[in-house]
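Structural description and commentary
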Amino acid sequence: MEENKIILLVEDNKHLNKINSRALTLSGYKVLTAMTLAEAREHLAKTEPDAIILDILLPDGNGVEFCREIREQTAAPILFLTSVSGVEQALEGIRAGGDDYLNKPFHIELLLARIEAFWRRDAIKQRMKPEGLTMIGPLMLNEVANVAYLYGEDMLLTTKEFALLRLLVQNEGRTISKEALYEKVWGQAMGGDSQALYAAVSRLKKKMAPGKDSIRLQAARPEGYLLSIKKNKK
């Protein structure tokens, strides 16, 4: 039973929506249901689901296009449901950022098995994760090599920039004073020389630009900096 997992079910067939929702609920999931993309957007504005079951043909749009739309805001696995025979539409959905698909009609046990497979893959990834790696939102920090990746791309940080980012990540969501940052990163009191810190923060902000929708480094009162990162609920 996956009692803490949230599933967003987007299905415009009222009968199928009810059947699938009931089966998922009985399997221990919390189910958010939507019969249109507009309703799905409302749910996503309030909650980040652990997985999304997405019909392709919907009354107010196409599930594949919706997948492209939301892919940058959520890393939740997406399982497409399609009534169209053949593989072309399914392949289009996978290329748009989907993770799996089922052709209608399907057996409910197969749907549940496909969802459970998502959690098994997550568990395997966690077991195989190398030591020294910190992953949060779109960021991955390799603290052994002092290398940071944003959306899988090397940020090309200097030693000081990496140390600064690591400290901000460790205190994500909390304001850190400029003095504390300088002392931790440069190993001495800041005194009246703050230019090195300002310059490092400025360079770090520029290198974070590709993740502007999900990661923000900003000045915060009293006289400090705050890192905020959008991340999946688990």
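To start, this report covers the structure provided alongside it. Remember, it's a predicted structure, so these values are computed and weren't measured experimentally. (Residues numbered from 1 in each chain as written. Predicted model: local features only at pLDDT ≥ 70, side-chain atom pairs only at ≥ 80, totals over all residues. Heavy atoms only, no water.)

In this section: the overall build of the protein. Regarding its fold elements, the protein presents 8 helices and 14 strands. Its C-alpha atoms give the protein principal-axis dimensions of about 70 × 35 × 35 Å. Across the 234 residues of the protein, 43% fall into the buried class. In the protein, 55% of the contacts between residues at least 6 apart in sequence involve partners at least 24 apart. The positive charge centre, built from 33 side chains, and the negative charge centre, built from 31, are 4 Å apart in the protein. (Helix = DSSP H or I, 4+ residues; strand = E, 2+ residues; numbered from the N terminus. Buried < 20%, exposed > 50% of the residue type's maximum accessible area, 1.4 Å probe, protein only. Contact = heavy atoms within 4.5 Å. Lys, Arg positive; Asp, Glu negative; His and termini not counted. Charge placed at Lys NZ, Arg CZ, Asp CG, Glu CD.)

Let's shift gears to the nonpolar core. Judged by nonpolar contacts, the single largest core of 29 residues is most densely connected at Leu139, Met155, Leu164, Leu165, Leu168, Leu204 and Leu227. Contributing elements (two or more residues each) for this core: β9 (139-142), β10 (147-150), α6 (159-170), α7 (178-186), α8 (195-207), β13 (215-220) and β14 (224-229). When residues in this core are grouped by element, the largest group, 7 residues, is from α6. Membership of the second largest hydrophobic core comes to 19 residues, among which are Val10, Leu32, Leu54 and Ile78. (Core = buried A, V, L, I, M, F, W, Y, C linked by side-chain atoms within 4.5 Å.)

Turning our attention to the packing of aromatic side chains. All chains considered together, the criterion is met by 2 aromatic pairs. Residues tyrosine 29 and tryptophan 119 carry aromatic rings whose centres are separated by 6.2 Å and whose planes lie at 50° to one another, so their mutual orientation is tilted. Here the residue tyrosine 29 occupies a position in the loop between α1 (14-26) and β2 (30-34), and tryptophan 119 occupies one in helix α5 (residues 108-128), the gap between them amounting to 90 residues. A residue is classified by how much of its surface remains accessible, and tyrosine 29, at 5% relative accessible area, is buried. An angle of 10° between the planes, with centres 4.8 Å apart, marks the rings of tyrosine 182 and tryptophan 186 as stacked. Here tryptophan 186 and tyrosine 182 lie together in helix α7, a separation of 4 residues that amounts to about one turn. The buried category is assigned to tyrosine 182, whose relative accessible area is 4%. On the basis of relative accessible area, tryptophan 186 is assigned to the partly exposed category, the value being 21%. The lysine or arginine in question, lysine 5, covers the ring of tryptophan 119, its NZ or CZ lying 4.6 Å from the ring centre. (Phe/Tyr/Trp six-rings, centres within 6.5 Å; stacked < 30°, edge-to-face > 60°. Lys NZ or Arg CZ within 6 Å of the ring centre and 35° of its normal.)

If you walk through the whole model with that rule in mind, you get 9 salt bridges. As a salt-bridge pair, glutamate 69 and arginine 41 come within 2.8 Å of each other at their nearest N and O atoms. Of this pair, glutamate 69 sits in helix α3 (residues 63-70) while arginine 41 sits in helix α2 (residues 37-46); the two residues are 28 residues apart in sequence, bridging distant segments of the chain. A residue is classified by how much of its surface remains accessible, and glutamate 69, at 41% relative accessible area, is partly exposed. One continuous salt-bridge network, built from bridges that share partners, spans Glu11, Asp55 and Lys104. (Salt bridge = Lys/Arg side-chain N within 4 Å of Asp/Glu carboxyl O.)

On to the sheet that holds strand β1 (residues 6-10), then. Sheets are built from strands paired through backbone hydrogen bonds, the pairs being either parallel or antiparallel. Pairing in this open sheet of 5 strands is parallel, and the strands run β2-β1-β3-β6-β7 from one edge to the other. The open sheet is flanked by β2 and β7 (100-103), the only strands paired with a single partner. With strand direction ignored, the average angle separating the axes of adjacent strands in the sheet is 15°. Across 4 bridges, the pairing between strand β3 (residues 51-55) and strand β6 (residues 78-82) is parallel. Within β6, the position partnered with isoleucine 53 by the bridge is leucine 79. (Pairing = 2+ DSSP bridges. Axes fitted to C-alpha atoms, helices over the stretch in contact; angles between N-to-C directions.)

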